[in-house]
Amino acid sequence: MFPSIKITKTTSPRSKPVPGQALPFGKHFTDHMFVMDYVEGQGWINPRIEPYGPISIEPTAMVFHYGQAVFEGLKAYRCSDGSVNLFRPELNYERLNESDNRLVIPHIDPDFCVHATKTLVDLDKDWIPTGECESLYIRPFVFATDPYLGVRPSSTYKFMILLSPSGAYYPQGINPIKIYVEETYVRAVRGGTGYTKCAGNYAASLIAQHKAHESGYVQVLWLDGIEQKYIEEVGSMNMFFVIDGVLVTPALNGSILPGITRRTCIELAKSLGMEVQERQVSIDEIIAAGRDNRLTEAFGTGTAAVISPVGELKYKDDVIIINNNLIGPVAKMVYDTITGVQSGKLEDQYGWVTKV
Ligand SMILES: *Cc1c(COP(=O)(O)O)cnc(C)c1O
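Residues numbered from 1 in each chain as written. Predicted model: local features only at pLDDT ≥ 70, side-chain atom pairs only at ≥ 80, totals over all residues. Heavy atoms only, no water.

J.: Tell me about the packing of aromatic side chains, residues and numbers included.
T.: Applying the stated criterion across every chain, the model contains 14 aromatic pairs. Geometrically, the ring pair formed by F141 and F143 is stacked, given 5.6 Å between the ring centres and 20° between the ring planes. Among the residues examined, F143 registers a relative accessible area of 8% and is labelled buried. Through a chain of ring-to-ring contacts, the aromatic side chains of F2, F34, Y38, W44, F112, Y157 and F159 assemble into a single cluster. Over the ring of Y217 we find K178; its NZ or CZ atom is 4.9 Å from the centre of that ring. (Phe/Tyr/Trp six-rings, centres within 6.5 Å; stacked < 30°, edge-to-face > 60°. Buried < 20%, exposed > 50% of the residue type's maximum accessible area, 1.4 Å probe, protein only. Lys NZ or Arg CZ within 6 Å of the ring centre and 35° of its normal.)

J.: Any details on helix α2 (residues 89–102)? Residues and values, ideally.
T.: Between its first and last C-alpha, α2 extends 20 Å over 14 residues, near the 20 Å set by a 1.5 Å rise per residue. Every buried residue of α2 is accounted for by P89, L91, N92, Y93, R95, L96, N97, S99 and D100. With its phi angle positive at about 55°, V104 sits one or two positions after the end of α2. (Helix = DSSP H or I, 4+ residues; strand = E, 2+ residues; numbered from the N terminus. Expected span 1.5 Å × (residues − 1).)

J.: Tell me about a negative patch on the surface, residues and numbers included.
T.: Among the surface-exposed residues, E90, E94, E98, D109 and D111 lie close enough to one another that they form a single negatively charged patch. For the negative patch, the element with the highest residue contribution is α2, accounting for three residues. Its location among the elements puts E94 in helix α2. Overall, the relative accessible area of 41% leaves E94 in the partly exposed class. (Patch = residues over 30% accessible without salt bridge, like charges linked within 9 Å, V, L, I, M, F, W, Y side chains within 5 Å. Areas by Shrake-Rupley, 256 points an atom, 1.4 Å probe, with all protein chains shown as cover. Salt bridge = Lys/Arg side-chain N within 4 Å of Asp/Glu carboxyl O. Lys, Arg positive; Asp, Glu negative; His and termini not counted. Charge placed at Lys NZ, Arg CZ, Asp CG, Glu CD.)

J.: A description of a nonpolar patch on the surface should follow, citing residues and the corresponding values.
T.: The grouping of Y66, L149 and V151 at the surface amounts to a nonpolar patch, some 330 Å² of accessible area in total. Considering the arrangement of structural elements, one finds Y66 in helix α1 (residues 62–66).

J.: Residues and numbers for the nonpolar core, please.
T.: A general feature of soluble globular proteins is that nonpolar side chains tend to end up buried together. Judged by nonpolar contacts, the single largest core of 42 residues is most densely connected at F34, V142 and F159. For F159, the residues in contact, after removing those within four places along its chain, are F34, V35, M36, W44, Y93, L96, I108, C113, P140, F141 and V142. Counting residues in each nonpolar core, the second largest holds 25 residues, with V181, I243, L295 and I322 among its members. (Core = buried A, V, L, I, M, F, W, Y, C linked by side-chain atoms within 4.5 Å. Contact = heavy atoms within 4.5 Å.)

J.: Which residues make up the side chain of N201, and what values do they have?
T.: You can see N201 is positioned in helix α4 (residues 199–214). In this structure N201 comes out as buried when scored by relative accessible area, which is 5%. Excluding anything up to four places from it in sequence, N201 contacts R187, T193, G194 and T196.

J.: So what about the domain arrangement of the protein? Which residues, and what values?
T.: For an interface, size is often stated in terms of accessible area lost upon the parts coming together. Taken as a whole, the protein is organised into domain 1 (6–166) and domain 2 (177–343). In this complex, domain 1 contributes 22 residues to the contact, which on the side of domain 2 involves 23 residues. Taken over both partners, the interface formed by domain 1 and domain 2 buries close to 1900 Å², and the fraction arising from carbon and sulfur atoms is 58%. On the domain 1 side of the interface with domain 2, the three residues burying the most area are F87, R95 and R102, jointly 32% of the side's total. The interface formed by domain 1 and domain 2 includes one salt bridge. We note a salt bridge from R88 to E267, for which the minimum N-O separation is 3.0 Å. Summed over the shared surface of domain 1 and domain 2, the result is twelve residue pairs in polar contact (both at pLDDT 80 or more). Taken together, the elements giving at least two residues each to the side of domain 1 that touches domain 2 come down to β4 (69–71), β5 (74–78), β6 (84–87) and α2. (Domains from an automatic or database assignment. Buried area = accessible area lost by both parts, 1.4 Å probe. Polar contact = N/O pair within 3.5 Å; in protein donor to acceptor, adjacent residues only side chain to side chain.)

J.: Tell me about the site of the ligand, and please be specific about residues and values.
T.: What surrounds the ligand is a group of 15 residues, the closest being K197, Y202, E233, T261 and T303. The side chain of E233 places a nitrogen or oxygen atom 2.5 Å from a nitrogen atom of the ligand. In isolation the ligand has 380 Å² of accessible area, and contact with the protein removes 97% of it. At the level of secondary structure, the elements contributing two or more residues to the shell around the ligand comprise β12 (237–243) and α5 (260–271). (Near = heavy atom within 4 Å.)

If you want it as structure tokens, here you go:
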């Protein structure tokens, strides 16, 4: 039995995005949000759903000063029969707890989190956009609230879930992206927080993203923090390569985020009999394989885009073009299968879907 969630419905519904119009990521929020508090000695208390709106918090709240904050990202999809799918939500909440562990934030029962997510999504289900490849983005997050300026773990926290209708990631069809290999800055090091979705990781990554944009590249490919030689990941995506017909991805080493789309892609490829290698992949190997035409595909995986093919990779003075700037067959198969199951068009033979 889960603790009951007190629901206070809005009396002034927010205006919904107009169907058919472009729906930018992360700009519209639904009528309600989920909130729960942690108080040392009492645990997680007072789970509730309230109208979406500003919250009151002390300026001394520890999150503002020492960054004890973690988040997750998942989506709800509307099927043609009107039902609503979540994609492997239990994995998001298991990962949230891994992030919590690293930042000394108390655990939250993942089953209760899935239940809270379903309750909130169900209440605001009219906000789920119904267009092709549109979805409702779900943002759970936890942050420290003690009004205190000493450095130590907070003894109070808030856990919240927000919902944001979001448009198709590829309104004009899948276009491969151009990626810049970062040589100066690093995202994470082993022993650090790279494997968690903690807010500070993203703050630290902005400067390289800014630099990449200035040179006409969309995203940054990060190399390892020690030798700056091995590929880690891209922005908020894990990386895959097809070399001599083998699907290769950097092994999870503590500094890479263990993506749920990554895991799904590996499981899917293996189930179809493809050889998959999780190992160290150096940037030199990728550049050499690109030159010898042995690198037939490169793509990123993440909840936002599912699959993002990479058409161009720039490292120092080398620029390689991959698969003539087109999506390749492995990326397309993974994209079609995952989005097909998410939207209910394909049978869920792998048990990925949780119905709201
Ligand atoms: C969220 C994220 C990913 C992708 O994870 P998914 O679970 O597949 O969405 C990859 N890398 C980073 C740094 C991320 O924040």
